[in-house]
Amino acid sequence: MMIVRYYFRKYRIQIYGFLILLFATSLQCTLLNYFRIINIKPDIMLATLVMFSFFYSLRCSLIFSLLIGIFRDVLGFLPFGFNTIICVLWVILAREIFQRLSIEDKLIRCITLFIIIVLNNLTLNCFMFIINKPIPTGILLKVIFLESLFTLPLSLMIYKIFIFLLNPVKSPSINRL
Amino acid sequence: MPGRKKSLIIPSLIVAALILLAAAFIPYIRASFIDSLHLPLELLFAINREIQGIVLYHYNLVQNQRLEREISLVKRQLYESTEVYLENARLRELLDFKEKSIYPLTAANVIGYDPSNLSSIIIINKGKEQGIKRDCAVITNSGLVGRVVEVGRLTSKVLVINDINSGVAALIQRSRQKGLISGTLSRGLVMHYLPPGADVRISDTVITSGLSGLYPKGILIGKVIKIREENYGEMFAVIEPSTDLTRLEEVLVVLPK
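Residues numbered from 1 in each chain as written. Chains lettered and ligands numbered in written order. Predicted model: local features only at pLDDT ≥ 70, side-chain atom pairs only at ≥ 80, totals over all residues. Heavy atoms only, no water.

Before going further, it helps to examine the pairing of strand S5 (residues 156-160) of chain B. Residue and element names in this part refer to chain B. In terms of burial, S5 is a largely internal element, five of the five residues being buried. Of the two faces of S5, the one lined by Ser156, Val158 and Val160 and the one lined by Lys157 and Leu159 are each fully buried. One ladder, built from four bridges, connects strand S2 (residues 121-124) with S5; its direction is antiparallel. Note that in S5 the partner of Ile124 across the bridge is Ser156. (Buried < 20%, exposed > 50% of the residue type's maximum accessible area, 1.4 Å probe, protein only. Helix = DSSP H or I, 4+ residues; strand = E, 2+ residues; numbered from the N terminus. Pairing = 2+ DSSP bridges.)

It is worth spelling out the sheet that holds strand S6 (residues 167-172) of chain B at this point. To summarise the sheet geometry, strands pair through backbone hydrogen bonds and adopt either a parallel or an antiparallel arrangement. All names here are of chain B. Judged by pairing direction, the barrel is antiparallel, and its six strands sit side by side in the order S6-S7-S8-S11-S10-S9 before closing back on the first. For this sheet, the mean angle separating the axes of adjacent strands, direction not counted, is 40 degrees. Note: strand S8 (residues 189-194) against strand S11 (residues 235-241), four bridges, orientation antiparallel. Looking across to S11, one finds that Leu194 is bridged to Met235. (Axes fitted to C-alpha atoms, helices over the stretch in contact; angles between N-to-C directions.)

As a further point, take the pattern of salt bridges. Residue and element names in this part refer to chain A. Taken as a whole and judged by the stated rule, the model has eight salt bridges over all chains. Two residues, Arg72 and Asp43, come together in a salt bridge whose shortest N-O distance is 3.0 Å. Here Arg72 is found in helix H4 (residues 58-75), whereas its partner Asp43 is found in the loop between helix H2 (12-29) and helix H3 (44-55), with 29 residues between them in sequence. Asp43 matches Arg72 in its accessibility class, with the two residues each being buried. (Salt bridge = Lys/Arg side-chain N within 4 Å of Asp/Glu carboxyl O.)

Next up on the list: the packing of aromatic side chains. A complete count under the given rule lists eight aromatic pairs over all chains for this structure. For the pair Phe55 of chain A and Tyr159 of chain A, a centre-to-centre distance of 5.7 Å together with 45 degrees between the ring planes defines the contact as tilted. With Phe55 of chain A in helix H3 and Tyr159 of chain A in helix H7 (residues 137-166), this residue pair connects regions lying 104 residues apart in the sequence. Judged by its relative accessible area of 1%, Phe55 of chain A is buried. Between Phe45 of chain B and Tyr113 of chain B, the aromatic rings sit 6.2 Å apart at their centres with planes inclined by 40 degrees, giving tilted as the arrangement. In this pair, Phe45 of chain B sits in helix H3 (residues 38-55) while Tyr113 of chain B sits in strand S1 (residues 105-113), placing the two residues 68 residues apart along the sequence. Tyr113 of chain B carries the same exposure label as Phe45 of chain B, and that label is buried. Feature note: the residues Phe52, Phe55, Tyr56, Phe64, Tyr159 and Phe162 of chain A constitute an aromatic cluster, connected by ring pairs. (Phe/Tyr/Trp six-rings, centres within 6.5 Å; stacked < 30°, edge-to-face > 60°.)

Listed below in structure tokens is the structure:
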């Protein structure tokens, strides 16, 4: 029991991150489908991925991005590995954007998430075009616009959850930017 | 430190590339992953259904009253159609027609959905152990849902007909006009390749034609709600599916004979 408590305290932040990841994945695949508007649901897996890049060190956020990518590949229908690779790229991009821009916190996070959502959908469309299954432009634009519109407000809630659970002021192990 | 960053990025990308390579040579890697998520997904979906029951209480109450009225109407129609069926059976016997075989079905629960907004996939809790194979048609009591695209031991993935990459060979029940139905990632479907002047009307019933071999013939798809002209005089029809494809909970899988 002592050993369990020791390791829990030592890896508390990573454990919380993993639990948030599981929670976001399960919500995305089950409950969120009942809250679709014009058949579009918010992408909280992507929002969680971007939050990982803000609150965790590069190594941790890359590991979590790999896990999110694997979950997305397992539950989706695209060739396996596509989401795994691009999720890693989005984490790197999110960290670069946040490091280079030095204006207000929340605005930067929202802009970063918006850019990631747009790029994710565009990359997916390019990939579908390459494998000869293109997405009509009207549908793509609708998905991009509505997905970002629904995801951004939820991302503020996810940000609050991260702040509450991880409490970066008291946890020096978190590499907060 | 850039040097340290590079040393972390490159191994991560190598690992990700190895996963991609492994998946190319081991086609069942994804199916095995989903099988291991089978129980957690089922549990989550059961919790989800309970929450939905509480949240949608009033909606369910109104729906229940409406359905009770419909049941009594359908019962009356059933009695009338039973008479027609019996007469048909007698006539077929007289003419020595071969009877159409009824396809075997198995019921399955929907335990998950695709996380992406650019595809329409559902995950059901039946797989190879229950006799399901790739390209099995999936239906509900109200109509066509889609076809199985990936099969694991305990779970399967179904491509719903409102996915962009889905194509269903269909025909208008009244005029027997053939066309191809594809999805739009929303509630409606579109029936393409209708020739100029095709005999299609609003409220026409659309069923599967059985031409592609993927879906049995005669399964209800939906009703025509709009008719438009495409380029060069070709027409297309907007179809409202008979099944609510966005709120699937239980489906029936047509097993191979």
